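What the coordinates show
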Amino acid sequence: MIVRTLDSSSEAEWNDFVHSQSNGTFFHLCQWRRVIETTFNHSSHYLYCDRNGQIVGVLPLVHIRSRLFSNALISTPFCVYGGVLAKDKEARQALEQAAVDLAEKLGVDYLEMRQRESRHDEWLTKDLYFTFRKPMTADLEANFQGIPRKQRAMIRKGVQMGLSSVVDDDVKQLYRVYSESVRNLGTPVFPCRYLRVLRESFDGACDIVTIIQNGKAVSSVMNFYFRDEVLPYYGGGTHAARNLKANDFMYWEVMRRAIERGARLFDFGRSKVDTGAYHFKKHWGFEPQPLYY
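Described below are features of the structure shown in this document.

Definitions and limits used
- Residues numbered from 1 in each chain as written.
- Predicted model: local features only at pLDDT ≥ 70, side-chain atom pairs only at ≥ 80, totals over all residues.
- Heavy atoms only, no water.
- Pairing = 2+ DSSP bridges.
- Helix = DSSP H or I, 4+ residues; strand = E, 2+ residues; numbered from the N terminus.
- Axes fitted to C-alpha atoms, helices over the stretch in contact; angles between N-to-C directions.
- Contact = heavy atoms within 4.5 Å.
- Expected span 1.5 Å × (residues − 1).
- Buried < 20%, exposed > 50% of the residue type's maximum accessible area, 1.4 Å probe, protein only.
- Arc of directions from axis to C-beta.
- Phe/Tyr/Trp six-rings, centres within 6.5 Å; stacked < 30°, edge-to-face > 60°.
- Lys NZ or Arg CZ within 6 Å of the ring centre and 35° of its normal.

Some details on the sheet that holds strand S7 (residues 129-135)
The seven strands are arranged S8-S9-S10-S11-S12-S7-S13 in an open sheet whose pairing can be described as mixed. The sheet terminates laterally at strand S8 (164-168) and strand S13 (288-290), the two strands that pair on one side only. Across this sheet, the average inter-strand angle for adjacent strands is 35°, counted without regard to direction. Pairing geometry for strand S11 (residues 229-237) and strand S12 (residues 265-272), over two bridges, is parallel. Along S12, the bridge assignment pairs Glu 229 with Leu 265. Packed onto the sheet, helix H9 (residues 246-260) meets S8, strand S9 (206-213), strand S10 (216-226), S11 and S12 and runs at close to 35° relative to S10.

A short note on helix H5 (residues 149-160)
In this model, H5 (twelve residues) spans 16 Å end to end at C-alpha, consistent with the 16 Å of a helix rising 1.5 Å per residue. Within the sequence span of H5, burial applies to Gln 151, Arg 152, Ile 155 and Gly 158. Viewed end-on, H5 has its buried residues packed into an arc of 110°, placing them on one side of the element. When the buried face of H5 is taken as reference, the exposed residues oriented beyond 90 degrees from it are Arg 149, Lys 150 and Gln 160. Where H5 ends, the next residue or the one after it, Gly 162, has phi of about 80°, a positive value.

Description of the pairing of S11
Counting buried residues along S11, eight of its nine residues qualify, which places the element largely inside the surrounding structure. Relative to S11, S10 runs antiparallel, the two sharing eight bridges. Paired with Phe 226 across the two strands is Glu 229, which belongs to S11. Between the end of S10 and the start of S11, which pair antiparallel, lie two residues, with Arg 227 showing a positive phi angle near 50°.

A short note on unusual backbone geometry
Here the bond from Ser 75 into Thr 76 is cis, since omega is 0°, no more than 30 degrees from zero. Locating Thr 76 in the fold gives a position in the loop between strand S4 (70-75) and strand S5 (85-86). Even without being a glycine, Asn 214 presents a positive backbone phi close to 50°. On the secondary structure map, Asn 214 appears in the loop between S9 and S10. Located in the positive-phi region is Asp 274, a residue other than glycine, with phi close to 65°.

Digging into the packing of aromatic side chains
Counting across every chain of the model gives 34 aromatic pairs. Note on Phe 224 and Tyr 233: the rings are 5.2 Å apart at their centroids and 40° apart in plane angle, and the pair reads as tilted. Residue classification places Phe 224 among the buried residues on the basis of a relative accessible area of 0%. Over the ring of Phe 286 we find Lys 134, and its NZ or CZ is 5.5 Å from the ring centre. We note Arg 261 situated over the ring of Tyr 225; from NZ or CZ to the ring centre the distance is 3.6 Å.

Listed below in structure tokens is the structure:
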């Protein structure tokens, strides 16, 4: 068994392996390498285990050097999940050792694996982030009734306010809404180019749902699709969205449209414990599940 570095000739096989593993995630897909390198100019080290000419494990790693994130090797930055994805213990251990060796070679301050599952071994873990995932059925009304009463009232309020949704490729419009929302929280905003490269790189597995009132966008979100899952990822609302209940309406529209295209699991993504986003997702009836970074 040999640990190799991904090149373009093995990208299709890499993604086939990710899809074949039950614990594979959207963030293990190799398109993220292009997205991160193109947008942020970080160097990537996408490692995989080759056993008799077949991929039996993958580990996407990115070397980050910045004032915000220090000097780190991460699987995978800008993503909520990551870490080793391996067919068996031998492949996992080989990739982990290769990551440790690379971290020492690069002289990073730390190596971080963004695992979704507990490992129960010697690796240290953070107790900071939780994810929110919930199954859906093909019955729209059953899913609507599964949302707590107060949030259902918010969705109905949005309908009464004349809100409607559209699916489009208008990255600039999404960015205007998203950046306003992020700035209002006092958080630095990604460049618009990042969202554009994401949309281009995941064509067919990515869309934008925008909420409109009187011809004007009031909230918008970029969604990822992986197997039977939908992951609303980058989104927000304008100042008007709060009174219009546009964000609740938006997430229901994402859920409704995803069910119609065959999705059966809604992934609300990660939030820091005890934050506003954390409680918002709990109010939607999602139970927090710890992430093992």
